[in-house]
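Survey of secondary and tertiary structure
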Amino acid sequence: NAFIRILQVYVEFMGYLVYDVRRNQVVCMEKNMNQILYNELLKIMSEEQVKTEEPMKNHTTFRVGGPAEFFVMPRSAEEVKKVIDLCRRESFPYYIIGNGSNLLVSDQGYRGVVLQIYKEMSYIEIEENVVVAQAGALLSAIANKALENGLTGFEFAAGIPGTLGGACVMNAGAYGGEMKDVLEEVTVLTEEGEVLIIPKENLELGYRTSIIARKGYIVLEARIQLREGEKEAIKSLMEELKDKRVSKQPLEYPSAGSTFKRPEGYFAGKLIQDAGLRGFSVGGAQVSEKHCGFVINRENATAADVAELMRQVSARVEEEFGVKLEPEVKRLGEF
């Protein structure tokens with residue numbers, strides 16, 4: 001009996017299949033992968049950079065989402081590469097986020113590693129008329145840095161609530177400007193672990209897409225080509241665009257920005273409004289009364305509320321107008 005107990009304790013830690021003589025059956029003791037992976041992550045990063053069971057509602061602009069099994073905040077391209085190499089070696093799922101501005105995480109969370117490329121990788125430098133920034137830099141911070149240095153061309157992005165990495169992936173844009181207008185080159189990490197510098201002409205930038213998105217590359221850094229301008233004119237345009245956002249968008253509530261992509265020949269918000277869905281709600285999630293293109297977390301919404309609201313809105317618009325709305329918001333976890 002003592003031998004069997006010792007064997008079972010050993011197996012409980014190591015995770016092997018054993019034959020339990022007392023129960024006359026094979027028993028599978030779950031391998032303690034969490035502790036093993038945690039220890040390996042701490043060989044790559046400091047303890048303050050690795051969190052366990054971290055609520056994702058704290059890291060998304062929707063302010064909803066269950067816990068990530070592991071939440072890591074790398075400080076360099078080398079750390080990003082090492083974490084991904086570890087996850088692949090151990091067949092452990094992983095997902096890359098920035099500041100969570102275009103993301104809906106399920107209420108059950110994510111059983112894997114979430115790599116956040118954000119504040120720990122957000123330096124911004126100016127080289128004459130070129131802005132060089134890491135993927136975690138906020139677009140608003142880059143716009144302000146450009147303003148400080150009298151550089152124009154990035155004003156359109158000043159109010160987009162996202163990071164440079166996400167903006168490169170989806171060719172973010174607003175008020176007539178897009179990333180494709182200003183990007184010079186993007187440094188990425190491929191799925192094979194190779195670091196590539198991709199010039200603008202090879203980025204295949206289109207409406208909310210790029211070769212980065214299609215190939216699953218991870219943005220590490222980018223160079224943005226701007227022009228010399230007058231600081232007062234740059235500041236004036238940024239304030240004008242900010243006023244437009246404040247007056248037309250429900251910035252007072254948590255959301256993920258525009259919820260659906262713009263259908264060809266239409267505007268998603270107009271279709272939703274014309275379908276009579278202004279203010280329509282499911283649980284704590286609501287179609288904004290201020291701008292129907294936004295789904296907001298009006299009152300302690302769950303991810304399930306948001307997902308169901310999006311489903312019903314899409315179904316109603318397709319039924320009324322024969323137009324299928326495609327979500328712009330990414331989903332993570334089980335829905």
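Structure: see above.
Residues numbered from 1 in each chain as written. Predicted model: local features only at pLDDT ≥ 70, side-chain atom pairs only at ≥ 80, totals over all residues. Heavy atoms only, no water.

Quick notes on the pairing of strand β14 (residues 195-199)
The pairing of strand β13 (residues 183-189) with β14 spans 5 bridges and is classified as antiparallel. By the bridge assignment, Glu185 is partnered in β14 with Pro199. Where β13 folds back on β14, the antiparallel hairpin that results is connected by 5 residues, among which Gly193 adopts a positive phi of roughly 85°. (Pairing = 2+ DSSP bridges. Helix = DSSP H or I, 4+ residues; strand = E, 2+ residues; numbered from the N terminus.)

A short note on the pattern of salt bridges
According to the stated counting rule, one finds 19 salt bridges in the structure shown. Notably, a salt bridge pairs Arg223 with Glu127, separated by 3.0 Å at the nearest N-O pair. Of this pair, Arg223 sits in strand β15 (residues 218-225) while Glu127 is found in strand β8 (residues 124-127), placing the two residues 96 residues apart along the sequence. According to the relative accessible area criterion, Glu127 is partly exposed, its value standing at 36%. Lys270 serves as the salt-bridge partner of Asp274, at 2.7 Å between the closest nitrogen and oxygen. Of the two residues, Asp274 and Lys270 are both situated in helix α8 (residues 268-274); the distance of 4 residues between them amounts to about one turn of the helix. With relative accessibility at 40%, the residue Asp274 sits in the partly exposed group. Given a relative accessible area of 47%, Lys270 falls into the partly exposed group. Connected through salt bridges with shared partners, the residues Glu127, Glu184, Glu185 and Arg223 form a single ionic network. (Salt bridge = Lys/Arg side-chain N within 4 Å of Asp/Glu carboxyl O. Buried < 20%, exposed > 50% of the residue type's maximum accessible area, 1.4 Å probe, protein only.)

As for the sheet that holds strand β3 (residues 50-55)
Read across the sheet, 4 strands follow the order β3-β4-β7-β5 without closing on themselves; strand pairing throughout is mixed. Sheet topology places β3 and β5 (94-97) at the edges, where each strand pairs with a single neighbour. Along the sheet, successive strands turn relative to each other by an average axial angle of 30°, direction set aside. Strand contacts of helix α3 (residues 77-89): β4 (67-72), β5 and β7 (110-116), with the helix running at about 165° to β7, the strand carrying the most contacts. (Axes fitted to C-alpha atoms, helices over the stretch in contact; angles between N-to-C directions. Contact = heavy atoms within 4.5 Å.)

Here's the deal with the sheet that holds β14
Within the open sheet, the 5 strands sit side by side as β8-β9-β15-β13-β14. Their pairing is antiparallel. Each edge of the sheet is formed by a strand with only one pairing partner; in this case those strands are β8 and β14. Sheet twist, expressed as the mean angle between neighbouring strand axes with direction ignored, is 20°. Across 5 bridges, strand β9 (residues 130-134) lies against β15 in antiparallel orientation. The residue bridging Val132 from the neighbouring strand is Arg223, located in β15. Here helix α4 (residues 139-148) sits on the sheet and contacts β8, β9 and β15; the angle it forms with β8, its principal contact strand, is near 35°.

Some remarks on the environment of Phe280
Mapping Phe280 onto the fold places it in the loop between α8 and β18 (281-282). Of the residues examined, Phe280 reaches a relative accessible area of 22% and is grouped as partly exposed. Sequence separation between Phe280 and Val313 is 33 residues, and the spatial gap between their C-alpha atoms is 8.6 Å. Those residues in contact with Phe280 that sit more than four places away from it in its chain are Ala285, Gln286, Val287, Leu309, Gln312 and Val313.

Describing helix α9 (residues 303-321)
Given 3.6 residues per turn, any residue in an α-helix points the same way as the ones three and four places further on. Look at α9: 27 Å from first C-alpha to last across 19 residues, which is about the 27 Å you get at 1.5 Å a residue. Those residues of α9 that sit buried are Ala303, Asp305, Val306, Ala307, Leu309, Met310, Val313, Ser314 and Val317. Turning to α9, the residues buried within the fold contact β6 (103-105), α8, β18, β19 (285-287), β20 (294-297) and β21 (330-332). (Expected span 1.5 Å × (residues − 1).)

Observations regarding the pairing of β15
Bridge analysis of β13 against β15 gives 6 bridges, and the strand direction is antiparallel. Across the sheet, residue Glu185 finds its bridge partner in β15, namely Arg223.

Side note on α3
Helix length check: α3 (13 residues) gives 18 Å between terminal C-alpha atoms against 18 Å at 1.5 Å per residue, within 8%. Turning to α3, its buried residues are Glu79, Val80, Val83, Ile84, Leu86 and Cys87. Mapping the buried residues of α3 onto a view down its axis gives an arc of 155°, with all of them on the same face. Ser91 sits one or two positions beyond α3 and adopts a positive phi of about 55°. (Arc of directions from axis to C-beta.)

Considering the side chain of Gln134
Looking at where Gln134 falls in the secondary structure, it is placed in strand β9. According to the relative accessible area criterion, Gln134 is buried, its value standing at 12%. When residues no more than four places from it in sequence are discounted, the contact partners of Gln134 are Arg75, Met121, Ser122, Tyr123, Leu164, Leu220 and Glu221.

A look at the packing of aromatic side chains
Under the defined criterion, the tally for this structure stands at 3 aromatic pairs. In this structure, Arg262 is placed above the aromatic ring of Tyr207, and the distance from its NZ or CZ to the ring centre is 4.7 Å. A cation over a ring is seen here: Arg331 above Phe335, with NZ or CZ 5.2 Å from the ring centre. (Phe/Tyr/Trp six-rings, centres within 6.5 Å; stacked < 30°, edge-to-face > 60°. Lys NZ or Arg CZ within 6 Å of the ring centre and 35° of its normal.)

Some words on the packing of α4 against helix α7 (residues 231-248)
When two helices pack together, their arrangement is given by the angle between the helix axes and the distance between those axes. At their nearest, the axes of α4 and α7 sit 9 Å apart, and the two run at 155° to each other. Taken together, the axes of α4 and α7 lie roughly antiparallel to each other. Of the residues in α7, those touching α4 at Ala143, Asn144, Leu147 and Glu148 are Lys231, Ile234, Lys235 and Met238. A per-class count over the contact of α4 with α7 returns 4 nonpolar, 1 polar and 3 charged. (Parallel < 35°, antiparallel > 145°, perpendicular 65-115°, else oblique. Nonpolar A, V, L, I, M, F, W, Y, C, P; charged D, E, K, R; others polar.)

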